[in-house]
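Remarks on the overall topology
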Amino acid sequence: MIRLVGLSKVYAGGHVAVEALAGINLEINEGEYVAIMGPSGSGKSTLMHILGCLDVPTSGEYFLKNQEISQYDTDQLASVRNREVGFVFQQYNLLPRLTAAQNVELPLLYSSVPIDPRKEIVAEMLAKVGLGDRGHHRPNELSGGESQRVAIARALANDPAILLADEPTGNLDTKTEEEIMALLDELNEQGRTVIVVTHDDTVAKHARRTLHLLDGRIV
Amino acid sequence: MNFLSLFRLSVVTLRHHKSRSFLTTLGIIIGVMTVITILSLLEGLNRKIKEEFSTLGSSTIYIQKMEWQVGPGRHRLDFEEIRKRPNFTVEDAEALAKLPSIEAAVPSIGKGVGTIKRLGNEAQNCQLNGTAEGGDLTGNWVVAEGRFITREDRLHRRLVCVIGSYIAENLFGAENPLGQTLDVDGHRYFVVGVLEEKGAMFGQTQDNVIIIPVSTYLKYNPLPRGWRAIWGGLSIEALPKPGVVLEKAMEDVEELLRLRRGLRYDQDNDFGLNTQQMIMTALQGITSTLWIVMVGIAAISLIVGGIGIMNIMLVSVAERTREIGIRKAVGARDRDIMIQFLMEAVVLALLGGLIGIIVGIGIARLVSVLVKFLDAASPWWTIALGFGFSAAVGIFFGIYPAQKASKLNPIDAIRYE
């Protein structure tokens, strides 16, 4: 499913170049549930962004479904973000002026799904995350847990094979954290590949495989 | 994203900043308003000019001692030479009438006779015209009752007249003027015809005419001398046959007159051929000059308005960096973002255009109400032009901010606070 070969990322900031990732070799199979852990500055978020095609590596190869993503242009990367991977952020990153349903609809708009199936998918996704009746609310009327559920529903809208979650419970209390993690467990049980970045052991315990990152290397 | 959802998205976003959006469009509003107002007034003026001239009989050739001096520019003329040019004669008219391209050619002469009285009624500012048979064609007159001047009237120098509708109403009232007499300029004429109303031209009525045979006129009125000879003498009105191009008829007339006057090939014409087309062309030349000046002013205003739009769009892109990042993260391509922001700029400009068109037409209407002889006209193409201009401004000045938005790196944008 995912194969990284000698992947590195260097940020050329000011006088010193910072090496966020230093030669990552990694293989993740379909249906796996992986947690990536590490202290802040270890490069785990950078890795996640590259996996999610939000950022591009400086060198190395990234194969997704046997396609070499590192050679893709911006339009192709947008298409991968749209269809192949779903991204869940710590900050939820919902558009504040849109309702929950409209936020979930967003990826479908960019993949030009016609209006009727679009409405159907939105309703289905909201029901899946347990927010079937909250679709008309705006993000500021939702709790943190609800917001994150909307974000997960949005990530699932185009039925991606991979779900990437970057500190998905970082802003939530313990009880809500349990609920969100249970949702991710359930999605993995349904066959979806789930990758979670976290520094929290209780979160990492949900995963079946844990990778530790330190100074841009897998240890 | 399809066009409609993009449009809706733009409207929603712009409504979120109502006063900012309105202020941004102000430049476009003023620009489009100016264009629409001026175009409507000029178009109204042009139509008015056409309409007024159409009452004259628009293809008649007026053969006179000199050409009408119309249009901008200074003309240096040797009036002494013009004054001494030979007079036209009734025979000239008869010869011209025989040209295959000419339907009718008649001698014409006239003067103002002031107020005419009859049985306690009076008609002011009357005009006495001498003409011949066919003068109704060249002068674009329609006889409402009775008949026009005939060949016999002219040959026998009869004391008969055909009167305009203004004279008929004011001097005869409900009476039938046919067969009655009218005293004009010291002579008594029988009324043999009444003309249909022609209406006013530039506020001057044309229905104050008393038309008599040219021979009768010349019997009592000597040809003017001195400088009055330039315009006051006999002239000839010639009407081309239907289907004959005006220029062709004018060539024939010119050739025949040169022949009759024995002009050598190296001598200039000692006469002028005038048409209403010349005046119309000159007037339209003036209005088109005004047009260019006004469009220039409006263009400057549109450019200023466009810069306003560009400015506010750049602010908007900066404010919404995070939104752009989120949209890219869920799969928006560069061009999706580009089109979204471009659409916003265009909607903003079109909104300004719409308001400008409405206000512009409103002002033009107001001017029409205040200024009597000016009827503003706002044909569809002025409105299309208003929308076209504003859309063009929106696209032109929206491209740079939209481009900037589309090129943002998703991860940098999403982290932007």
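Residues numbered from 1 in each chain as written. Chains lettered and ligands numbered in written order. Predicted model: local features only at pLDDT ≥ 70, side-chain atom pairs only at ≥ 80, totals over all residues.

Some details on the overall build of chain A
Basically, it comes down to this: A run of DSSP states H or I qualifies as a helix once it reaches four residues; a run of E qualifies as a strand once it reaches two. Both are numbered from the N-terminal end. We compute the radius of gyration from the C-alpha atoms alone; for a globule the expected value is 2.2 Å times N to the 0.38, where N is the number of residues. With C-beta atoms placed from the backbone, a residue is labelled by how many other C-beta atoms lie within 10 Å of its own: buried for 20 or more, exposed for 12 or fewer, partly exposed between the two. Residue pairs are scored as contacts if the distance between their C-beta atoms, which are placed from the backbone, is within 7 Å.
A count of helices and strands for chain A gives seven helices and 10 strands. Compactness check: chain A gives a C-alpha radius of gyration of 17 Å against a globular reference of 17 Å for 219 residues, within 12% of the reference. Projected onto its principal axes, the C-alpha positions of chain A cover 50 × 40 × 35 Å. Taking all 219 residues of chain A together, the buried fraction comes to 46%. Of the contacts made within chain A by residues no fewer than 6 positions apart, 70% connect residues no fewer than 24 positions apart.

A closer look at helix α14 (residues 380–406) of chain B
Rules: Expected span, for any helix, means 1.5 Å times one less than how many residues it has. Note that bend, as reported per residue, equals the angle between axes fitted to the 7 residues terminating at that residue and the 7 residues originating from it.
Taking 1.5 Å per residue, 27 residues should reach 39 Å; α14(B) reaches 36 Å between its end C-alpha atoms and fits that length. A bend of about 40° at B:I399 is the largest found in α14(B), and the proline B:P401 appears one to four places after it.

Topic: unusual backbone geometry
Residue and element names in this part refer to chain A. In the Ramachandran plot, N66 falls in the positive-phi region, its phi being about 65° despite a non-glycine side chain. Even without a glycine there, the phi angle at E167 is positive, about 45°. The residue E167 is located in the loop between β7 (162–166) and α6 (174–189) in this model. E167 gets classed as buried once you count the C-beta atoms within 10 Å, which come to 20.

Description of the interface of chain A and chain B
By a frequent convention, interface size equals the accessible area lost on bringing the separate parts together. For clarity, the cut-off: Polarity classes work like this: nonpolar for Ala, Val, Leu, Ile, Met, Phe, Trp, Tyr, Cys and Pro, charged for Asp, Glu, Lys and Arg, and polar for all others, with Gly in that last group.
Every contact between the two is made by 19 residues of chain A and, on the other side, 17 residues of chain B. Considering each element in turn, the side of chain A that touches chain B owes the most residues, six residues, to helix α2 (residues 74–83) of chain A. Counted by class, the side of chain A that touches chain B contains eight nonpolar, six polar and five charged residues.

Considering the sheet that holds strand β3 (residues 33–37) of chain A
Residue and element names in this part refer to chain A. Stated precisely, the cut-off is as follows: Only strands that DSSP links by at least two bridges are regarded as paired with each other. The axes used here are C-alpha line fits, helices contributing only the stretch in contact, and every angle between their N-to-C directions lies in the interval 0 to 180 degrees.
Pairing within the open sheet is mixed, and its six strands lie in the order β6-β7-β8-β3-β9-β10. At either margin of the open sheet sits one strand with a lone partner, and together these are β6 (85–88) and β10 (217–218). For strand β9 (residues 209–214) and β10, the ladder comprises two bridges, and the chain directions are antiparallel. Following the sheet pairing, L214 is matched in β10 by R217. Running over the sheet, α6 touches β3, β7 and β8 (193–198) and is turned about 150° from β8.

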